[in-house]
Amino acid sequence: MTAYSASAFGVRGALLTFYEDPDQFTEQAYRYLEDGVLVIDAGKIISVGPSKELLPTLSAIPIHDYREYLITAGFIDAHCHYPQLQMIASHGKQLLDWLYDYIFPCERQFENTEHASRISEQFLAELVRQGTTSAAVFATVHPQSVEVFFEAAHRLNMRMICGKVMMDTLAPEWLRDQPEQSYFESRALIEKWHGTGRQLYAITPRFALSSSDQQLALAGTLKAEFPDCYLQTHLSENLEELAAIKQRFTQHCDYLDVYDHFGLLGSRSLFAHGIHLNDRERKRLKQTDSKLVFCPSSNLFLGSGLFNFQGLQAEDLNFAVGTDIGAGTSLSLLATLAEGYKVAQLQGQSISPLKSLYLATLGNARALGLDTKIGMLKPGHEADFVVLDLHANPLLALRQKQAGSLSERLFALMFLGGEHAIKATYVAGKCLYQKPDS
Ligand code: GUN
Ligand code: ZN
């Protein structure tokens, strides 16, 4: 019999984990255990199996009983902006006006460290309330906005990717940095935070329009100097943005070519949106194993356009899913994927419920190159998981009575669950959120 340490505990419930993309491997893509147990110790999953087999070996450790609930790996948000939390749901503008009128003044407040610290903590609390345990996050141009974010995430032991926005043009004077300053500030943050505990750094030029050529070149220098850091930015989101790119970068054949020229493509590069891409750009993204991030609720909210989900998948492009808070309208990956389903529908396409759940967990972990650590309920993985209530409200409970398959139940959950569907969220084996009793 396995001897467990005094800190070990078990979690019992229905367990769902993915091993592969369900669109590619219909048979072995996932495992569903109606009554299963996870054993957790020192922040890691140490065993997973059917209750019948495992429980008899677990008499010495406490078991958290979630028998009525579904447990999956914690959700991963591949693109969001924590400082925009307080500007979510701002009415009536498309990208560039929205940035000027709402976002830049909002981000200015992050020169105040205390404010940045307060919003960091609230943002992380909101994530776990929605079952999200990891995210790739933009801070602001102020290095202290990254510092306090990492401090908060490190205290909670949440695996986070974050970076200081590099932005020396386009924005108002009061929100700009200087190229060399952005290089040295980013570098200092990388040296302090990349790989500290669960924290990871992303070099973060906001988008090509808001960086001078010199700054884009320095972002490329950082990427070459720190190849295991991420790079995150925006690409081909809005038609007005595309026209401005064309006007400024006359020597480049398209938007992606600008980033390519400065050495910003690669398997750790995350490009949010990618709505209006041409054939060449798609080929080049594939060739360089760069990742697109599909942000459906943001794309609908800002009227940016429809991400060609099936077309990009057919070309075998790698992509992840993000909320893009605060242009996105929900921090919930479930709600975001429900919007993704509608975006596909508008193009005569479909996304299966299993694919959606895969994307929110293992799919995003793979896109971030973190699938050996997070995104699965598997021994050796970090114990980030979410407990879902498939009967969280009367309407969802009513709908579930008509649902036969697991797929159908997941689909109803995505559309009808809301935040009440999150029963509990565990991060590195610690329960960071428990739904209050109603
Ligand atoms: N492009 C440049 N900055 C931003 C931003 O903050 N949000 C979105 N959605 N697009 C951007
Ligand atoms: Zn964004």
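First, a word on scope: everything that follows refers to the structure included in this document. Everything quoted here is computed from the prediction, not taken from an experiment. (Residues numbered from 1 in each chain as written. Chains lettered and ligands numbered in written order. Predicted model: local features only at pLDDT ≥ 70, side-chain atom pairs only at ≥ 80, totals over all residues. Heavy atoms only, no water.)

### A word on helix α2 (residues 95–108)
Applicable threshold: Bend is the name given here to the angle between axes fitted to two runs of seven residues, the run ending at a residue and the run starting at it. The secondary structure listing takes helices from DSSP runs of H or I that are at least 4 residues long and strands from runs of E that are at least 2 residues long, numbered from the N terminus. Burial here depends on accessible area, computed with a 1.4 Å probe over protein chains only, as a share of the maximum for the residue type. Under 20% is buried, over 50% is exposed, and the range in between is partly exposed. Contacts are assigned to residue pairs that have any heavy atoms within 4.5 Å of one another.
The largest bend in α2 comes to about 35°, at Y102, with the proline P105 one to four residues further on. Of all the positions in α2, only L95, L96, W98, L99, I103, F104, C106 and E107 are classed as buried. Contact partners of the buried residues in α2: α7 (239–248) and α10 (296–301).

### Some words on the side chain of S145
With respect to the helices, strands and loops of the structure, S145 is situated in helix α4 (residues 143–156). In contact with S145, not counting residues within four places along its chain, are Y82, F110, A116, A139 and T140.

### Looking at the pattern of salt bridges
Which entries qualify depends on this criterion: Whenever a carboxyl oxygen of Asp or Glu lies within 4 Å of a side-chain nitrogen of Lys or Arg, that contact is scored as a salt bridge.
In the structure shown here, the tally under the stated rule is 29 salt bridges. Between R198 and E382 there is a salt bridge whose closest N-O contact spans 2.4 Å. Placement of the pair is R198 in the loop between α5 (179–193) and β9 (200–205) and E382 in the loop between α13 (353–367) and β14 (385–388), with a sequence separation of 184 residues. Residue classification places R198 among the buried positions, given a relative accessible area of 6%. The class for E382 is buried, based on a relative accessible area of 10%. A salt bridge links D316 to K286, with the shortest nitrogen-to-oxygen separation between them at 3.5 Å.

### Focus: helix α6 (residues 213–225)
Residues spaced three or four apart along an α-helix point in a common direction, a consequence of the helix completing one turn every 3.6 residues. So the rule is basically this: An expected span of 1.5 Å times one less than the residue number is assigned to each helix.
Here α6 spans 18 Å end to end across 13 residues, near enough to the 18 Å set by a 1.5 Å rise per residue. For α6, the set of buried residues is Q215, L216, L218, A219, G220, L222 and K223.

### Side note on the site of ligand 1
Counted only if it meets this: We call a residue near a molecule or strand as soon as one heavy atom of that residue lies within 4 Å of the molecule or strand. Think of a polar contact as two N or O atoms within 3.5 Å of one another; within protein, one of them needs to be a possible hydrogen donor and the other a possible acceptor, and neighboring residues in sequence only count if both atoms come from side chains. A 1.4 Å probe and the Shrake-Rupley method give the accessible areas. Residues count as covered only by the protein chains that appear here. We call Asp, Glu, Lys and Arg charged. Ala, Val, Leu, Ile, Met, Phe, Trp, Tyr, Cys and Pro are nonpolar, and the rest, Gly among them, are polar.
Surveying the vicinity of ligand 1 reveals the residues H81, Q84, L95, W98, L99, R206, F207, H234, E237, H273, D324 and A327. At 2.7 Å, a side-chain N or O of E237 approaches a nitrogen atom of ligand 1. Here a nitrogen atom of ligand 1 sits 2.7 Å away from a polar atom, N or O, in the side chain of D324. Contact with the protein chains hides 100% of the accessible area of ligand 1, taken as 280 Å² for the molecule alone. Residues that form the shell around ligand 1 fall into these classes: five nonpolar, four polar and three charged.

### Digging into the coordination of the zinc ion (ligand 2)
Expected angles at a metal are 109.5 degrees for tetrahedral coordination by four donors and either 90 or 180 degrees for octahedral coordination by six donors. Rule in force here: Here the coordinating atoms are restricted to nitrogen, oxygen and sulfur within 2.8 Å of the metal centre, or 3.2 Å for Na, K and Ca, and because water is not among them the sites may look incomplete. In this scheme the shape depends on donor count and angles: four donors with every angle between 85 and 135 degrees give tetrahedral, four or six donors with opposite pairs above 155 degrees and others between 65 and 115 give square planar or octahedral in turn, and any other case is irregular.
Distances from the zinc ion (ligand 2) to its protein donors, H79 (NE2), H81 (NE2), H234 (NE2) and D324 (OD), fall within 2.0 to 2.3 Å. Note that the zinc ion (ligand 2) binds four donor atoms; their angles at the metal cover 92 to 163°, and the shape is irregular. The motif formed by the donor residues of the zinc ion (ligand 2), counted along the single chain, is H-x1-H-x152-H-x89-D. A residue pair is termed long-range when its members are at least 10 positions apart, and H81 in strand β5 (residues 75–81) and D324 in the loop between β13 (319–321) and α12 (333–345) qualify at 243 residues. The burial state of H81 is the same as that of D324; both residues are buried.

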